[in-house]
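Here are the chains, one letter per residue:
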Amino acid sequence: QVQLVESGGGLVQAGGSLRLSCTASGRTLSTYAMDWFRQAPGKEREFVAGISRLGVNTYYADSVKGRFTISRDNAKNMVYLQINSLKPEETAVYYCAARSPTGNGYVYWGQGTQVTVSS
């Protein structure tokens with residue numbers, strides 16, 4: 001069993017930056033590729049960024065390319081999301097998730113961290 005806990009969210013002005021963290025406990029995080037998602041009020045959860053198990057490959061939604069950076073530190077069991085140039089419409093709860101090693105969906109989700117961007 002793995003517990004994922006996100007942190008680092010908060011209130012920021014448009015154009016500002018935040019660094020989100022996802023801490024894993026219970027099992028080594030290097031077992032899993034990891035993704036970040038977000039869900040805005042009244043909208044479906046959407047993929048934001050992903051990173052392979054060893055951090056060699058990263059993936060981004062088109063809407064965040066060039067502004068968001070995903071990284072990981074397997075020695076610390078941490079995954080990060082650096083988010084820059086935030087827009088008000090990116091106000092959402094941000095979640096980290098561990099991909100199933102078999103490629104069949106996600107096996108663990110965090111509880112989310114709120115990011116609020118004021119205009």
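Preceding this paragraph is the structure being described.
Residues numbered from 1 in each chain as written. Predicted model: local features only at pLDDT ≥ 70, side-chain atom pairs only at ≥ 80, totals over all residues. Heavy atoms only, no water.

Enquirer: Sorry, what's going on with unusual backbone geometry here?
Expert: Glycine aside, a negative phi is what most residues show, and trans is what most peptide bonds show. For N77, which is not glycine, the phi dihedral falls at a positive 60°. Along the chain, N77 turns up in the loop between β7 (68–73) and β8 (78–83). Here S85, not a glycine, exhibits a phi torsion of approximately 50°, which is positive. Along the chain, S85 turns up in the loop between β8 and β9 (92–99). Its relative accessible area of 38% is what places S85 among the partly exposed residues. (Helix = DSSP H or I, 4+ residues; strand = E, 2+ residues; numbered from the N terminus. Buried < 20%, exposed > 50% of the residue type's maximum accessible area, 1.4 Å probe, protein only.)

Enquirer: Sorry, what's going on with the pairing of strand β3 (residues 18–25) here?
Expert: Note on strand geometry: in a regular strand, side chains alternate between the two faces of the sheet. Where strand β1 (residues 3–7) lies against β3, five bridges are found, and the strand directions are antiparallel. Within β3, the residue paired with E6 across the bridge is C22. The pairing of β3 with β8 spans six bridges and is antiparallel. Bridge pairing in β8 places R19 opposite Q82. (Pairing = 2+ DSSP bridges.)

Enquirer: I would appreciate a short explanation of the environment of Y106 in the present structure.
Expert: Within the element layout of this structure, Y106 appears in strand β10 (residues 106–109). Y106 gets classed as partly exposed once you look at its relative accessible area, which sits at 32%. Distance from Y106 to A75, taken between C-alpha atoms, is 22 Å for residues 31 residues apart in sequence. In contact with Y106, other than residues within four places in its own chain, are D35, F37, A97, A98, R99 and S100. (Contact = heavy atoms within 4.5 Å.)

Enquirer: What is the right way to read the environment of S85 from this model?
Expert: Residues S85 and A14 lie 71 residues apart in sequence; the distance between their C-alpha atoms is 6.9 Å. Apart from residues lying up to four places away in sequence, S85 is in contact with G15, G16, S17, R67 and E90.

Enquirer: For this particular structure, what's the right way to read the nonpolar core?
Expert: Across soluble globular proteins, you tend to see nonpolar side chains buried next to one another. Counting 30 residues, the largest nonpolar core has L4, M34, W36 and L81 as the members making the most contacts within it. Put simply, the parts of the chain that give this core at least two residues each are β3, β4 (34–39), β5 (46–51), β7, β8, β9 and β11 (113–118). Dropping the residues within four chain positions of it, L4 is found in contact with C22, T23, A24, L29, M34, C96, A97, A98, Y108, W109, G110 and Q111. (Core = buried A, V, L, I, M, F, W, Y, C linked by side-chain atoms within 4.5 Å.)

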